[in-house]
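What the coordinates show
Take a look at the letters that make up each chain.
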Amino acid sequence: MSAGRLALWLYGGAIVAFLCLPIAIVAAVSFGPSVIVHFPPAGFSWRWYANYVGSGPWLAATWLSVELGIAVAAAATALGTFAAIAIVRGQFLGRRAVEFLLISPMVAPTIVLALGLYLLLAPWKLVGTPIALFLAHTLVAMPIVVVIAGAALKRTDASMELAARSLGAGFWRTLWYVTLPTIRPALVSSAAFAFLTSFDEVVLAIFLGGPGAATLPKRMWEGIKNELDPTLTAVSTILVVVSLAALAVVELSRRGERSRQA
Amino acid sequence: MADRPGISLSLRVLTKRYGRQTVVDAVELDVAAGEFLTLLGPSGSGKSSILMMVAGFTPPSSGDVVLGGRSVASLAPEKRNIGVVFQNYALFPHMTVAENVGFPLKMRRLPRAERDARVTETLARVGLAGFDGRLPAQLSGGQQQRVALARALVFAPGLLLMDEPLGALDRNLRERMKHEIRRIHAEFGVTVVYVTHDQEEALTMSDRIALLDRGRIAQLGTAREIYERPKTRFVAEFVGESSLIPGTLVEDGGRWWLDGSAGRLPVPREAAAFAGRSALLMLRPEKLRLVAAESRSGVPGTVIEAVFVGEALRTVVRIEGAAIVVKTATRAGEFRPIVGAPVRVDWDPADLAVLPGEERATADLA
């Protein structure tokens, strides 16, 4: 191996380490036995996981986050896919403006969105309810769907949809039998990323959740503020595992599709 | 399907405008039931736009599409019962061959058993028996083409539209598919409107050709009429190779002549219609003969190029004021032109066509 290649490997390795070490340290600490968060851990125990599983508030927060994530994934994917079809296949005045508008929540500062949503939802007495979080998370997750599904639509051949029409399928049946199946991997990815967007979102959860709707990230944030309970590290590790699982779903669906079309 | 004959198609002042640009300009066309009609033209001539309007994918700006005596201009594409074959086949990648071909029957809510029977039968008729379970990605280009044909014909439409269907195939396969499409047309008895920019496809496959130029039909006729009796310079130049010699038509001694830069050339009797006006004499390369310079017939010139192209010898002869392309057989004993040597080009006036001349008509250098 030449010196240049070695340097490249070291450089790449350093970047990977920088990206992964924080997560690895938290995961390692979560298996430590001591009450004080300490690295390297002094031993191995499931103590903090047991603590998590036995804790009502932690479990309630987890279920809320999971339910919220699934609802957001479903709503954002449905709305975002229709929006992407309109933007990619449609021809109407102001198409580019609509596209920008739909993607804007992705670039707007979350804190500004959070404040705006708070002011918007407060008169409706929605702040502090899961509905507020559902609306807010769907808003920030939808642009991801628009981008991913839109890119997939641009790659598919529009004449396939014309063919379906000529063969006797109306708009809806063309959508159901042809358009959606051909972009299915993108829809799975979209749903997974929409889920994750909601599942690990903390700013909107703090602003809009209140005590009535404490998601997992919000509870963690409160836990960190008060005292550093080692249970937090166990929860963090679970959060990472769930995220990895979502990414695995995406990858598997892509591979499945490739082998079908190979 | 002889028991399901094709239906007639009529375009009535069909027009398509995009903003200030008119891509299809008041086209009038009648296609007879069971006919194979080709819309031929360069890109941007409006041929695909006509197809899109007939299929119902884009609404006409004005005018009407009449299918079997019934106006379909306001009908959604799924209600028109027209088969369409696309250049890239547009097969559904997530469906098997049988599912692709069965799709139009499923949309028509045919019972499963009947569907399967008709899919099997149609696949056999396009030469794809036994391919039912394959996915489109597992097929060759020619096979995909056949699936697309089967899918567009399985529901027995009266009209089949084909948009450059051979464009994506290699040369040999294209040759074979040309004949296959002709055979399928004859067997199914369906009316076909075929779009292509390839004049060879148009000439060999069509009952009639509509040659389009900037959104209008430049000429409508059989392959032979279009090739041998083009009405305009555009038609003569787009279809086949031709040499054009400008001049004025005059009568002298009971025969017609073209007076031009190349001297006085004999022309066919029909040219009388252009008497006294400027005209273009069109010479097709294979209708010309090369004769020795000492000969008394023909027009004198000099050989400036002679290329062996396989089935023929392609010779360019410079005569006074023009260059003429001559294609001669390569049989033994045929006259052999020598580059740089004098030669004479001869023809039978009946083999020529005369076109209206243009204001600034110039000799076309081939």
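We now turn to the structure provided with this report. All of these numbers come straight from a predicted model, not from anything done at the bench. Positions within a chain are numbered from 1, following the residues in the order the chain's sequence is written. For naming, the first written chain is A and the first written ligand is 1, with later ones following in the order written. Local features in this predicted model are restricted to residues of pLDDT 70 or higher, and side-chain atom pairs are both shown and tallied only at a pLDDT of 80 or more, whereas totals for entire chains, interfaces and linings draw on every residue. The basis for every side-chain value is the complete set of heavy atoms in the structure, and neither hydrogens nor water enter the calculation.

1. Regarding the pattern of salt bridges
All names here are of chain B. We define a salt bridge as a contact between a side-chain nitrogen of Lys or Arg and a carboxyl oxygen of Asp or Glu at a distance within 4 Å. Here the structure, examined in full by the defined rule, presents 28 salt bridges over all chains. Of the charged contacts, one joins R12 and D30 as a salt bridge, the two residues approaching to 3.0 Å between their closest N and O atoms. With R12 in strand β1 (residues 9-18) and D30 in strand β2 (residues 21-31), this residue pair connects regions lying 18 residues apart in the sequence. For R12, a relative accessible area of 32% corresponds to the partly exposed category. Taking the shortest distance from any N to any O, the salt bridge between R182 and D207 comes out at 3.7 Å. Separated by 25 residues along the polypeptide, R182 in helix α5 (residues 171-188) and D207 in the loop between α6 (199-205) and β9 (208-213) bring together distant segments of the chain. Among the residues examined, R182 registers a relative accessible area of 28% and is labelled partly exposed. The network of salt bridges with shared partners includes E121, R125, R146, E180, R183 and E187. Helix and strand definitions here come from DSSP, where helices need a minimum of 4 consecutive H or I residues and strands a minimum of 2 consecutive E residues; each element is numbered from the N-terminal end. Think of it in three bands: with a 1.4 Å probe and only protein chains considered, a residue is buried below 20% of the maximum accessible area for its type, exposed above 50%, and partly exposed in between.

2. Description of the interface of chain A and chain B
Residues are treated as being in contact if the distance between any of their heavy atoms lies within 4.5 Å. In this complex, chain A contributes 21 residues to the contact, which on the side of chain B involves 27 residues. Buried surface at the junction of chain A and chain B, summed over both partners, amounts to about 2100 Å²; 63% is from carbon and sulfur atoms. Between chain A and chain B we count one salt bridge in total. E78 of chain B is paired through a salt bridge with R165 of chain A; the nearest N and O atoms lie 2.9 Å apart. Definition of a polar contact: a pair of N or O atoms within 3.5 Å, with one able to donate and the other able to accept a hydrogen when the atoms are protein atoms, and with sequence-neighbouring residues admitted only if both atoms are side-chain atoms. Across the contact surface, chain A and chain B share six residue pairs in polar contact (both at pLDDT 80 or more). Looking at the side of chain A that touches chain B, the elements with two or more residues in it are α7 (158-166), α8 (171-182) and α12 (231-261) of chain A. The term buried area means the drop in 1.4 Å probe accessible area that two parts suffer when joined, counted for both and summed.

3. Observations concerning unusual backbone geometry
Phi is positive for K125 of chain A, which is not a glycine, with a value near 60°. With respect to the helices and strands, K125 of chain A occurs in the loop between α5 (110-121) and α6 (130-155).

4. Digging into the side chain of R146 of chain B
Checked against the element boundaries, R146 of chain B lands in helix α4 (residues 141-153). In contact with R146 of chain B, other than residues within four places in its own chain, are V126, G127, L128, M177 and E180 of chain B.

5. Here's the deal with the packing of aromatic side chains
A pair of aromatic rings is counted whenever rings of Phe, Tyr or Trp (Trp by its six-membered ring) have centres within 6.5 Å, and the orientation is called stacked for planes under 30 degrees apart, edge-to-face for over 60 and tilted otherwise. One pass over the structure, following the stated rule, counts 13 aromatic pairs over all chains. Measuring from centroid to centroid gives 5.7 Å for F44 of chain A and W46 of chain A, while their planes differ by 85°, and the two rings are edge-to-face. Neither residue differs from the other here; F44 of chain A and W46 of chain A are each classed as exposed. The interplanar angle of 35° and the centroid separation of 5.5 Å between the aromatic rings of F36 of chain B and Y194 of chain B together place this pair among those described as tilted. Taken together, the positions of F36 of chain B in strand β3 (residues 36-40) and Y194 of chain B in strand β8 (residues 191-196) put the pair 158 residues apart, joining distant regions of the chain. Through a chain of ring-to-ring contacts, the aromatic side chains of F31, F44, W46 and Y49 of chain A assemble into a single cluster. Residue placement shows R125 of chain B over the ring face of F188 of chain B; its charged tip is 3.9 Å from the ring centre. Definition used: whenever NZ (Lys) or CZ (Arg) falls within 6 Å of the ring centre and also within 35 degrees of the ring normal, the charge is taken to sit over that ring. The side chain of R284 of chain B reaches across the aromatic face of Y227 of chain B, ending 4.1 Å from its centre.

6. Quick word on the packing of α4 of chain B against α5 of chain B
The relative placement of two packed helices comes down to the angle between their axes together with the axis-to-axis distance. Residues and elements named next belong to chain B. Axis geometry follows a simple rule: fit a line to the C-alpha atoms, using only the stretch in contact for helices, then measure angles between N-to-C directions, giving values from 0 to 180 degrees. Here α4 crosses α5 at 20°, and the two axes come no closer than 11 Å. Taken together, the axes of α4 and α5 are roughly parallel relative to one another. By crossing handedness, the relation of α4 to α5 is classed as right-handed. On α5, the residues touching G142, Q145, R146, L149 and L153 of α4 are L173, M177, E180, I181, I184 and F188. Classifying every residue of the contact of α4 with α5 by side-chain character gives seven nonpolar, two polar and two charged. With respect to orientation, any angle under 35 degrees is reported as roughly parallel, any angle over 145 as roughly antiparallel, any angle of 65 to 115 as roughly perpendicular, and every other angle as oblique. Here a crossing is called left-handed whenever its near helix is offset anticlockwise from the far helix by less than a right angle, and right-handed whenever the offset is clockwise. Each residue gets one of three labels, nonpolar for Ala, Val, Leu, Ile, Met, Phe, Trp, Tyr, Cys and Pro, charged for Asp, Glu, Lys and Arg, and polar for the others, Gly among them.

7. Some words on the sheet that holds β1 of chain B
Residue and element names in this part refer to chain B. The strand order β2-β1-β4-β5 describes an open sheet built from four strands, whose pairing is antiparallel. Pairing within the sheet leaves two strands with one partner each, and these edge strands are β2 and β5 (70-71). Two strands form a pair only when DSSP identifies at least two bridges running between them. In terms of strand pairing, strand β4 (residues 62-67) meets β5 through two bridges, oriented antiparallel. Residue pairing for β5: L67 is matched across the bridge by R70. Against the sheet, helix α1 (residues 47-55) makes contact with β1, β2 and β4, and its axis sits at roughly 115° relative to β1, the strand it touches most.

8. Overview of a nonpolar patch on the surface
Each patch is assembled from residues with relative accessible area greater than 30% and no salt bridge, linking like charges that lie within 9 Å and nonpolar side chains (Val, Leu, Ile, Met, Phe, Trp, Tyr) that lie within 5 Å. Computed with a 1.4 Å probe, the accessible areas rest on the Shrake-Rupley method; for each residue, only the protein chains presented here act as cover. Among the surface-exposed residues, L8, Y11, I15, F18 and L19 of chain A lie close enough to one another that they form a single nonpolar patch of about 620 Å² accessible area. Note that F18 of chain A resides in helix α1 (residues 3-30).

9. A short note on α4 of chain B
Residue and element names in this part refer to chain B. Between the first and last residue of a helix there are one fewer steps than residues, each counted as 1.5 Å, and that sum is the expected span. The end-to-end C-alpha separation of α4 is 18 Å, in line with the 18 Å expected for 13 residues at 1.5 Å each. In terms of residue burial, α4 counts as a mostly covered element, since eleven of its 13 residues are buried. Those residues of α4 that fall on the buried side of the exposure criterion are G142, Q144, Q145, R146, V147, A148, L149, A150, R151, A152 and L153.

10. Thoughts on α8 of chain A
Between its terminal C-alpha atoms α8 of chain A stretches 15 Å, which fits the 16 Å expected from twelve residues at 1.5 Å a residue. For α8 of chain A, the full list of buried residues reads T174, L175, V178, T179, P181 and T182 of chain A.

11. Some words on the sheet that holds strand β6 (residues 82-85) of chain B
All names here are of chain B. Here we have six strands laid out as an open sheet, ordered β6-β7-β8-β3-β9-β10, and mixed in their pairing. The open sheet has two edge strands with one neighbour each: β6 and β10 (216-221). The sheet shows a mean angle of 20° between the axes of neighbouring strands, taken without regard to direction. α1 rests against β3, β6, β7 (159-163), β8 and β9 of the sheet, and its axis sits at about 145° to β7.

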